[in-house]
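Structural characterization, general
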Amino acid sequence: ANGMEMNLFFRTNVDKTIDHADQPLNFTTYEHSYGTLHGSILLDGKRYYLTKAEGYMDHMIPVGEIPWPMYMHGWTWFEVTTKDYQAVAYAVRSLGNGYNNYSYKHLTLLNRHNGKVLAEYSADEIGINETNWKDESKFGRKRPNRVVFSAPDLNVSVNAESIIYFNRSDPSSNSGFVDFRAFQPNNATIQFNG
């Protein structure tokens, strides 16, 4: 952006985890659990120093000759951090899934303090309940305001309060995607009974 300069670095002391799927989207993701962000941001000539910034980082690598093939309907990704836990979920929908089902589901629960994996769930172990759907008529898509991922001993709930839209489609080549990014600053929950 104009008038902005960032000098940031992410520090983690834990091993990365790996997430991978072949279908409907062929990808490999390297995930670094809980870490801290350090550095400064220059906005319109004024420098701001980060005093407390925590988070999660991943690096998704599409595999294959055509990096983001259009034979999928979409995906949901989230990271939720609470006092003791961090949950990371990926769910990918094929074209036949529409808005109601997912061909690929993976959920990882980590100890926030040391990054150790406490539990992993996949496929039918995971329930996804998306409610309060909103039509995004400009993009011909819809998105949920509330998402709950559940497993036999885990429940993760997110309410999307702030949405940013990225329209990266190219109508001339019938390719691209629309990205709805949400952020919930407070009150996402992780309930773990393991």
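Heads up: the structure comes first, above all this text.
The present account deals with the structure reproduced in this document. Because the structure is predicted, anything quoted here is derived from the model rather than measured.

Re the nonpolar core
Judged by nonpolar contacts, the single largest core of 19 residues is most densely connected at Leu 107, Tyr 121, Phe 149, Leu 154 and Val 156. Every element with two or more residues in this core is listed here: strand S6 (72-81), strand S7 (85-94), strand S8 (104-111), strand S9 (117-122), strand S11 (141-151), strand S12 (154-159) and strand S15 (189-192). Once residues within four sequence positions are removed from consideration, Tyr 121 is found in contact with Lys 105, His 106, Leu 107, Ile 126, Ala 151, Pro 152, Asp 153, Leu 154 and Phe 192. Counting 9 residues, the second-largest nonpolar core is a separate cluster that includes Phe 27, Tyr 56, Tyr 90 and Tyr 104.

Thoughts on the sheet that holds strand S10 (residues 127-136)
The strands making up a sheet associate through hydrogen bonds between their backbones, and the pairing can be parallel or antiparallel. Within the open sheet, the 4 strands sit side by side as S10-S11-S12-S15. Their pairing is antiparallel. Bordering the open sheet on either side are S10 and S15, each of which pairs with just one other strand. Looking at each pair of strands side by side, their axes are set apart by 15 degrees on average, direction ignored. Pairing geometry for S10 and S11, over 9 bridges, is antiparallel. Opposite Gly 127, over in S11, you have Ser 150 as the bridge partner.

What to know about the side chain of Arg 93
With respect to the element layout, Arg 93 can be found in strand S7. For the buried residue Arg 93, which engages in no salt bridge, the nearest side chain bearing the opposite charge is Glu 130, 4.7 Å off. Side-chain polar atoms of Arg 93 contact the side chain of Tyr 102, separated by 3.2 Å.

So, how was this worked out
Here, residues in each chain are numbered from 1, in the same order as that chain's written sequence. The predicted origin of the model limits local features to residues at a pLDDT of at least 70 and limits the giving and counting of side-chain atom pairs to 80 or more, whereas totals for whole chains, interfaces and linings rest on all residues. Here the side-chain values reflect all heavy atoms present in the structure, with hydrogen atoms and water set aside. As used in this record, nonpolar core signifies buried Ala, Val, Leu, Ile, Met, Phe, Trp, Tyr and Cys residues forming a set joined through side-chain atoms within 4.5 Å. Here the term buried applies to any residue with accessible area under 20% of the maximum for its type, exposed to any over 50%, and partly exposed to those in between, with areas from a 1.4 Å probe on protein chains only. Strands here mean DSSP runs of E at least two residues long; helices mean DSSP runs of H or I at least four residues long; both are numbered from the N terminus. Contacts were defined at the residue level, with two residues in contact if any of their heavy atoms lie within 4.5 Å. Strands are treated as partners if at least two bridges between them are detected by DSSP. Angles shown run from 0 to 180 degrees and are taken between the N-to-C directions of axes, each axis being a line fitted to C-alpha atoms and, for helices, limited to the stretch in contact. Positive charges are assigned to Lys and Arg, negative charges to Asp and Glu, while His and the chain termini are left out of the count. Salt bridge, as used here: a side-chain nitrogen of Lys or Arg that lies within 4 Å of a carboxyl oxygen of Asp or Glu. Think of a polar contact as two N or O atoms within 3.5 Å of one another; within protein, one of them needs to be a possible hydrogen donor and the other a possible acceptor, and neighboring residues in sequence only count if both atoms come from side chains.

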